[in-house]
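Coordinates in review
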Amino acid sequence: MLASSMLSACQQPAAPDASEVTDDPKATVNARDYDAFYVWPGVRPAEGLREKTLYLLDGEVRRNGPPQLVRVRMGVPRLPGRTVWLVVRTDRLDWDEATYATVLSDMGKWQEAGNAIAGLQIDFDAATRGIDRYGEFLSDLRRRLPQRWRLSVTGLMDWSAHGDPKALVKLAQTIDEVVVQTYQGRTTIPGYEAYFRQMDSFPIPFRVALVDGGAWEAPAMLARHPQFRGYVVFLLNARDKP
């Protein structure tokens, strides 16, 4: 997700009926209550955070021109005591061999610097009806990715409501987790509870992405869902919080 959305991770799903909007404006996300974060370049994490897991944007594969990884970070920091996921935001799936090689080389450099690299996350605006095609790209990427690294993707809440169950089961055989986006820009998507009520049979391990300072009241089903793995908070600078 770029700064405009959770890694710009997803297009907004169809809005539910107004009767399903249950957000409590007084219940907001306080980053200090969590330990996994998206940290984008230019964002300074607040003091006192329990930084156990970090998702860091490494670069972007942009729509225009030939496919190539455009790096957005200067240098490779050493982040002891944290588990690190490198994130690549992509607008396209026609990667060439040089793009794959650059992404994998970056992961190696981060690990050689002393970082505990969990794996690679792909941030792509995969429409619910396009999961099959996206799955083919991810399957090819998984074959290239060394087994010591896991593969994560961002995903729409709408996948649970309208995604092809067979396509989701197949995707579960390729990736290790989905981070489900609950916000657009700096705002929680209204009526998110309606989507989570349809996730009982979701077959892929998933985390839920929240925006720092955004509205959030945890749906009761999350605590008992066998695939739920926790939260990731997309951090904002203080001046940018809602």
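Residues numbered from 1 in each chain as written. Predicted model: local features only at pLDDT ≥ 70, side-chain atom pairs only at ≥ 80, totals over all residues. Heavy atoms only, no water.

Describing the pattern of salt bridges
Inspection of the entire model under this criterion finds 14 salt bridges. A salt bridge links Arg 89 to Asp 91; its shortest N-O distance comes to 3.2 Å. Given a relative accessible area of 5%, Arg 89 falls into the buried group. Judged by relative accessible area, which is 27%, Asp 91 ranks as partly exposed. Residues participating in the shared-partner salt-bridge network are Arg 89, Asp 91, Asp 123 and Asp 125. (Salt bridge = Lys/Arg side-chain N within 4 Å of Asp/Glu carboxyl O. Buried < 20%, exposed > 50% of the residue type's maximum accessible area, 1.4 Å probe, protein only.)

Looking at the packing of aromatic side chains
Per the stated rule, a full pass over the model turns up 18 aromatic pairs. Ring geometry for Tyr 38 and Tyr 55: centres 5.0 Å apart, planes at 40 degrees, overall tilted. Here Tyr 38, found in strand E1 (residues 36–39), pairs with Tyr 55, found in strand E2 (residues 53–61); they are 17 residues apart in sequence, far enough to count as distant. For the residue pair Tyr 38 and Tyr 55, the accessibility class agrees, reading buried in each case. Through pairs of rings, three or more aromatic residues link up here, namely Tyr 34, Tyr 192, Phe 196, Phe 202, Phe 206, Trp 216, Phe 228 and Tyr 231. Over the ring of Tyr 100 we find Arg 144, and its NZ or CZ is 3.9 Å from the ring centre. (Phe/Tyr/Trp six-rings, centres within 6.5 Å; stacked < 30°, edge-to-face > 60°. Helix = DSSP H or I, 4+ residues; strand = E, 2+ residues; numbered from the N terminus. Lys NZ or Arg CZ within 6 Å of the ring centre and 35° of its normal.)

Quick look at helix H1 (residues 97–112)
Taking 1.5 Å of rise per residue, 16 residues should cover 22 Å, and H1 covers 22 Å from first to last C-alpha, within 8% of that figure. Every buried residue of H1 is listed here: Thr 99, Tyr 100, Val 103, Asp 106, Met 107, Gly 108 and Trp 110. The first or second residue beyond H1 is Gly 114, which carries a positive phi of 100 degrees. (Expected span 1.5 Å × (residues − 1).)

Quick look at the nonpolar core
Soluble, globular proteins show a tendency: their nonpolar side chains are buried together. Among the nonpolar cores identified, the biggest contains 76 residues, and Ile 122, Tyr 134, Trp 159 and Trp 216 are the most heavily contacted of them. In contact with Tyr 134, not counting residues within four places along its chain, are Leu 93, Ile 122, Phe 124, Ala 126, Val 153 and Trp 159. (Core = buried A, V, L, I, M, F, W, Y, C linked by side-chain atoms within 4.5 Å. Contact = heavy atoms within 4.5 Å.)

Quick word on helix H2 (residues 131–144)
Compared with an ideal rise of 1.5 Å per residue, which puts 14 residues at 20 Å, H2 spans 20 Å between its outermost C-alpha atoms and is within 8% of the ideal. Every buried residue of H2 is accounted for by Ile 131, Tyr 134, Gly 135, Phe 137, Leu 138, Leu 141 and Arg 142. In an axial view of H2, the angular spread of the buried residues amounts to 160 degrees, which keeps them on one side of the axis. With respect to the buried face of H2, the exposed residues turned more than 90 degrees away are Arg 133, Glu 136 and Arg 143. Structurally, H2 contributes buried residues whose contacts are with H1, strand E5 (116–123), strand E6 (150–156), helix H3 (158–162) and helix H4 (165–172). (Arc of directions from axis to C-beta.)

Focus on empty space enclosed by the protein
Following the criterion strictly, the structure yields two cavities of 30 Å³ or more and no others. Within this model, the second largest cavity holds a volume of roughly 30 Å³. What lines the second largest cavity is simply Gly 155, Leu 156, Met 157, Trp 159, Ser 160, Val 178, Val 180, Met 199 and Phe 202. Secondary-structure elements contributing two or more residues to the lining of the second largest cavity are E6, H3 and strand E7 (177–181). Classifying every residue of the lining of the second largest cavity by side-chain character gives seven nonpolar, two polar and no charged. (1 Å grid on protein atoms, 1.4 Å probe; cavity = no way out; pocket = protein on both sides within 12 Å on 5 of 7 lines; lining within 4 Å. Points joined across faces, edges and corners; volume = space filled by probe spheres on them. Nonpolar A, V, L, I, M, F, W, Y, C, P; charged D, E, K, R; others polar.)

Quick look at the packing of H2 against H4
At a closest axis distance of 10 Å, the pairing of H2 and H4 adopts a crossing angle of 15 degrees. Put simply, H2 runs roughly parallel to H4. For the pair H2 and H4, the sense of crossing is left-handed. Of the residues in H4, those touching H2 at Ile 131, Asp 132, Gly 135 and Leu 138 are Ala 167, Leu 168 and Leu 171. When its residues are assigned to classes, the contact of H2 with H4 shows five nonpolar, one polar and one charged. (Axes fitted to C-alpha atoms, helices over the stretch in contact; angles between N-to-C directions. Parallel < 35°, antiparallel > 145°, perpendicular 65-115°, else oblique. Left-handed = near helix turned anticlockwise from the far one by under 90°.)

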